[in-house]
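So the chains spell out like this:
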Amino acid sequence: MKAFVFLIISSFLFCSCKEEDLIPISGMSVSVPTVGLVDENGAEFSAEVRSLGIDPVLEYGFVYGVSDRPDLDSDPKVSLVGVPPQSFTLKADKDLLNGRTYYVASFLRTSNTTYYSEAIDFVSKGSKNFILQNVVSNEKVYFGDSITIEAANLKASTEFLLKVKFEDVEVPIFDYSTNGFKFIIPREFTYRQSAFESGSFKLQVQIGDLVYDLTLPLKFQEPVFGPVKLVEYEPEWTFTGDFLYSSRCILYYVDGGLEKQLVAEVVDDHTIKFEPNAFFLNKNPLFRIELRSQFYDVRQIEISDTDLVPGQDFTGRTPERGRIVKVKNLNPFLSNVPKLLSSNPAIRINMTEELGNEIRFSYFPQDVFRDRQFDIYANNFGQKSANSAPVLYDLPMLPISGLPQELSSINEVYGITTLGKGYFFSDNSFYQFDPEGNGLINLLSIGGSSEEEGFLATFSNKLYVSTFEAFPQSNSNSFYEFDPISNQFKSLSPVPFNGEVLGQFISNGNLYLDLRLMISGAYQVRRLVYNFTNDIWSEIPIDSLPPFFSKYSAFRDGDELYAIGEGKIGAAQYDFGIFQWDSISKEWELSQRIASAAKLPRGANVVVRGDLAYFQLESQIIQLDLRSGSLTNENSFASLGGKSLIEINGKIYIVGSPDLPFIFEFDPEYM
């Protein structure tokens, strides 16, 4: 039975009861409370006992709430047990919100009933509504685990508990009671490195307008990675294990002093996927991964071998569309990294196209070598494959000797052959070349340079050199004989004129030299003849129209003398063709027309093999059919001059360029 007794300070005593009961006073009464100090820590109440009556008092104090009739069944209280003194003062230090109006009543409780005074109102300034006492959790926690917060001063209702935040993320609470509550560790929050290292996490409890910032001692589970697993190259690899979740994941490949960030994503608690976009230096690469602001070194991946598909052979000629090698377990992400290696370090492999596990490749010289047979290997994780495939180096240019800087950096190189050795003459040096002996030897370094032309000729196993201002202490018309046995130069009668060399050839023991000169503002062609026996130059008159309109190349095919160029075929007519020398009339006669004027040797050396002639034209080697006049070309390597092609003991050689500083052996079989 519930009874309410209100004491009215007047001459009348009124009794009222809650619900249907009306309880007599029976001599027990307590005064209306007075409100003392009200601050942010609570409110102080005082009251006096008017009379105690017959029944013993078990509990006394104050009950307060937002209703104007607070009662112990639904509202908080502050009380003591036992018999009350004449006057008593107690402080309510919980369940009060700042700025809210409350009603407080004094009460006396016996075993039979509870006696209340009249309630009075007051405005609260708040109270201590939360006191952390204990945190209950697993020894190591993880996302989704529940945390129990044991606390004091909590109200039985969640009216006052407005917000709970874990690491600044609001979390729902459950199992709420006056002794505490529970919450679940969320997955998404800002992972502070210091929190995971120290095991101190932030908890914020907001009750009304009061905010409590607390620290929770929690030790998080470390990621556990599974055993090493064998993988092949795929667009995606995975790490597997337990406790792997992290809202932020950064992955690096860190082997061999390298550090490359890879694209990675956490799938769930057990899987992290990433793109293996790196050049791995070994089969068991080292990764460094950042999870939850902590770094972990991981070697969970073992890469399967990268090999060539067995049975491939590239010792035949290169097909028109190039050579294609098939590779097993090729890394699709690699770029600017050689995926094929050569057994010969002097040969560089170029990948021209990649189609899945097929690679179209070519090759290029980067040093001197002579063996055309080599092997190719697949290249991955810094190691070549266990198997290989044989390859034939079928480019026509084979780099057999190095080229010194002073010879590779000039504009024109002249070549000639005698006594089984080659000779190269530039505007500042004179070299002997023995492909089977000592290679390239500098016989004379001249120094300086000149834009004037010179020429080389050979007669009776001796060389004849026109320097045209190249040699020191010589005039512009100097002419020398070189003896390849004694390696000595001998000065001869100078060339009568200094002009542009259109061409030269030897017939009947005489050297014929056609020069184009500028005389009185007009070009004239002069033909000079040098007699080797008498060391005498003479001039042969020619028609007003010269035998060749521009530079021509003379060569011998057996005993016959020929020239290629734009020659005169009539009184005032020129044509492109092969011309034969008539030693009796001392004239050139057309032997075979050439269809393309764009592919003429223009002074370059010509080497004859059967019915085919070869000469150098800028970056191309031209093949000319002497019988039909048809021309073909092979886009080969750039070379410096058009006059360095020579033949020694049946083999053809040519000088390279600054980018390819070699003397090449040219094999027409591979054109």
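Parameters and conventions
- Residues numbered from 1 in each chain as written.
- Predicted model: local features only at pLDDT ≥ 70, side-chain atom pairs only at ≥ 80, totals over all residues.
- Heavy atoms only, no water.
- Helix = DSSP H or I, 4+ residues; strand = E, 2+ residues; numbered from the N terminus.
- Buried < 20%, exposed > 50% of the residue type's maximum accessible area, 1.4 Å probe, protein only.
- Contact = heavy atoms within 4.5 Å.
- Areas by Shrake-Rupley, 256 points an atom, 1.4 Å probe, with all protein chains shown as cover.
- Pairing = 2+ DSSP bridges.
- Axes fitted to C-alpha atoms, helices over the stretch in contact; angles between N-to-C directions.
- Phe/Tyr/Trp six-rings, centres within 6.5 Å; stacked < 30°, edge-to-face > 60°.
- Lys NZ or Arg CZ within 6 Å of the ring centre and 35° of its normal.
- pLDDT = per-residue confidence, 0-100.
- 1 Å grid on protein atoms, 1.4 Å probe; cavity = no way out; pocket = protein on both sides within 12 Å on 5 of 7 lines; lining within 4 Å.
- Points joined across faces, edges and corners; volume = space filled by probe spheres on them.
- Nonpolar A, V, L, I, M, F, W, Y, C, P; charged D, E, K, R; others polar.
- Salt bridge = Lys/Arg side-chain N within 4 Å of Asp/Glu carboxyl O.
- Lys, Arg positive; Asp, Glu negative; His and termini not counted.
- Polar contact = N/O pair within 3.5 Å; in protein donor to acceptor, adjacent residues only side chain to side chain.

## A short note on the overall build of the protein chain
Link 1 in the chain: When helices and strands are counted, the protein chain shows two helices and 59 strands.
Link 2 in the chain: Within the span of the protein chain, comprising 671 residues, buried residues form 48% of the whole.
Link 3 in the chain: When contacts within the protein chain are restricted to residue pairs at least 6 apart in sequence, long-range pairs at least 24 apart make up 55% of them.
Link 4 in the chain: Of the accessible surface of the protein chain, which amounts to about 31,400 Å², a share of 47% is contributed by carbon and sulfur atoms.

## Focus: the sheet that holds strand β51 (residues 574-582)
Link 1 in the chain: Ordered in space as β49-β50-β51-β52, the four strands form an open sheet in which the pairing is antiparallel. Taken across any chain shown, the strands that pair with only one partner, and hence form the sheet edges, are β49 (553-557) and β52 (587-593). The average angle at which neighbouring strand axes cross in this sheet is 35°, direction not considered.
Link 2 in the chain: The pairing of β51 with β52 spans six bridges and is antiparallel. By the bridge assignment for β52, I578 is matched with Q592.

## With respect to unusual backbone geometry
Link 1 in the chain: With phi around 70°, D168 is a residue other than glycine that occupies positive phi space.
Link 2 in the chain: Summarising the element assignment, D168 is placed in the loop between β12 (161-166) and β13 (169-170).
Link 3 in the chain: The exposed category is assigned to D168, whose relative accessible area is 57%.
Link 4 in the chain: A positive phi angle, near 60°, is found at F243, a position not held by glycine.
Link 5 in the chain: Mapped onto the elements of the fold, F243 is located in the loop between β20 (237-242) and β21 (249-253).

## Some thoughts on the packing of aromatic side chains
Link 1 in the chain: In the structure shown here, the tally under the stated rule is 68 aromatic pairs.
Link 2 in the chain: Seen in terms of ring centroids, Y423 and F430 are 6.0 Å apart; in terms of plane orientation they differ by 20°. Their pairing is stacked.
Link 3 in the chain: By relative accessible area, which is 1% here, Y423 ends up buried.
Link 4 in the chain: Ring centres of F482 and F489 lie 4.9 Å apart, and the angle between their planes is 45°; this geometry places the pair in the tilted category.
Link 5 in the chain: Looking at F482, the relative accessible area reads 0%, which means it is buried.
Link 6 in the chain: Members of the aromatic cluster, joined through ring pairs, are Y142, F143, F166, F183, F189, Y191, F196, F201, F220, F243 and Y245.
Link 7 in the chain: Just above the ring of Y523 sits the side chain of R516; from NZ or CZ to the centre is 5.5 Å.

## Some words on the confidence of the model for the protein chain
Link 1 in the chain: Per-residue pLDDT for the protein chain has a mean of 85; in total, 89% of the residues score no lower than 70.
Link 2 in the chain: Of all helices and strands in the protein chain, the one with the weakest mean pLDDT is helix α2 (residues 405-408) (67), whereas strand β18 (residues 224-225) scores best (97).

## Details of the pairing of strand β46 (residues 510-519)
Link 1 in the chain: Most of β46 sits inside the fold, with seven of its 10 residues counted as buried.
Link 2 in the chain: Note: strand β45 (residues 500-507) against β46, seven bridges, orientation antiparallel. When the bridges of β46 are listed, V501 appears paired with L515.
Link 3 in the chain: Pairing geometry for β46 and strand β47 (residues 522-531), over 10 bridges, is antiparallel. Its bridge partner being in β47, L513 is matched across the sheet by L528.

## Examining the layout of surface pockets
Link 1 in the chain: Estimates place the volume of the largest pocket at around 960 Å³.
Link 2 in the chain: Along the walls of the largest pocket sit 33 residues, with I416, T458, A554, F555 and V606 positioned nearest its centre.
Link 3 in the chain: Elements represented by at least two residues in the lining of the largest pocket include exactly β37 (414-418), β41 (455-459), β45, β49, β53 (606-609) and β57 (646-648).
Link 4 in the chain: For the lining of the largest pocket, the leading source of residues is β45, giving six residues.
Link 5 in the chain: Residues that form the lining of the largest pocket fall into these classes: 20 nonpolar, nine polar and four charged.

## Points about the sheet that holds strand β29 (residues 323-328)
Link 1 in the chain: Pairing within the open sheet is antiparallel, and its four strands lie in the order β28-β29-β32-β31. Among the strands making up the open sheet, the edge pair consists of β28 (307-308) and β31 (347-355).
Link 2 in the chain: Relative to strand β32 (residues 358-365), β29 runs antiparallel, the two being bridged by four bridges. Looking at β32, one finds that R323 is bridged to F361.

## Topic: the pattern of salt bridges
Link 1 in the chain: Inspection of the entire model under this criterion finds 24 salt bridges.
Link 2 in the chain: Here D175 ties to K182 by a salt bridge, and the two come within 3.6 Å at their closest N and O atoms.
Link 3 in the chain: Classification of K182 as partly exposed rests on a relative accessible area of 27%.
Link 4 in the chain: Ionic pairing is found between R609 and E647, a salt bridge with its closest N-O pair at 3.4 Å.

## Thoughts on the pairing of strand β11 (residues 146-152)
Link 1 in the chain: β11 sits mainly inside the fold: five of its seven residues count as buried.
Link 2 in the chain: Where strand β10 (residues 131-136) meets β11, five bridges bridge the pair, whose relative direction is antiparallel. Paired with V136 across the two strands is T148, which belongs to β11.
Link 3 in the chain: The sheet contact formed by β11 and strand β15 (residues 180-184) spans five bridges and is antiparallel. Bridge assignment links I147 to a residue of β15, and that residue is F183.

## A word on the side chain of E665
Link 1 in the chain: By the secondary structure assignment, E665 is in strand β59 (residues 662-666).
Link 2 in the chain: Buried charge without a partner: E665 forms no salt bridge, and the closest opposite charge is K651, 4.2 Å away.
Link 3 in the chain: Setting aside residues up to four positions removed in sequence, E665 forms contacts with P396, M397, L398, I400, K651, I652 and Y653.

## Regarding the side chain of K339
Link 1 in the chain: In this structure, K339 sits in the loop between β29 and β30 (340-342).
Link 2 in the chain: Judged by its relative accessible area of 1%, K339 falls in the buried class.

## Let's talk about the environment of I272
Link 1 in the chain: In this fold, I272 is placed in strand β24 (residues 271-274).
Link 2 in the chain: Here I272 falls in the buried class, since its relative accessible area comes to 0%.
Link 3 in the chain: The spatial distance from the C-alpha of I272 to the C-alpha of G241 is 8.9 Å, given a sequence separation of 31 residues.
Link 4 in the chain: Other than its neighbours up to four places away in sequence, I272 contacts W237, T238, F239, L244, C249, E265, V266, V267, I289 and L291.

## As for the environment of Y64
Link 1 in the chain: Tracing the sequence through the fold places Y64 in strand β4 (residues 57-65).
Link 2 in the chain: Between the alpha carbons of Y64 and V78 there is a distance of 8.5 Å; along the sequence they are 14 residues apart.
Link 3 in the chain: Not counting the four nearest positions on each side in its chain, Y64 is found in contact with F45, P70, D75, P76, K77, V78, A92, K94, D95, L96, Y103 and V104.
Link 4 in the chain: Among the polar contacts made by the side chain of Y64, one reaches the main-chain carbonyl oxygen of K94 at a distance of 2.8 Å.

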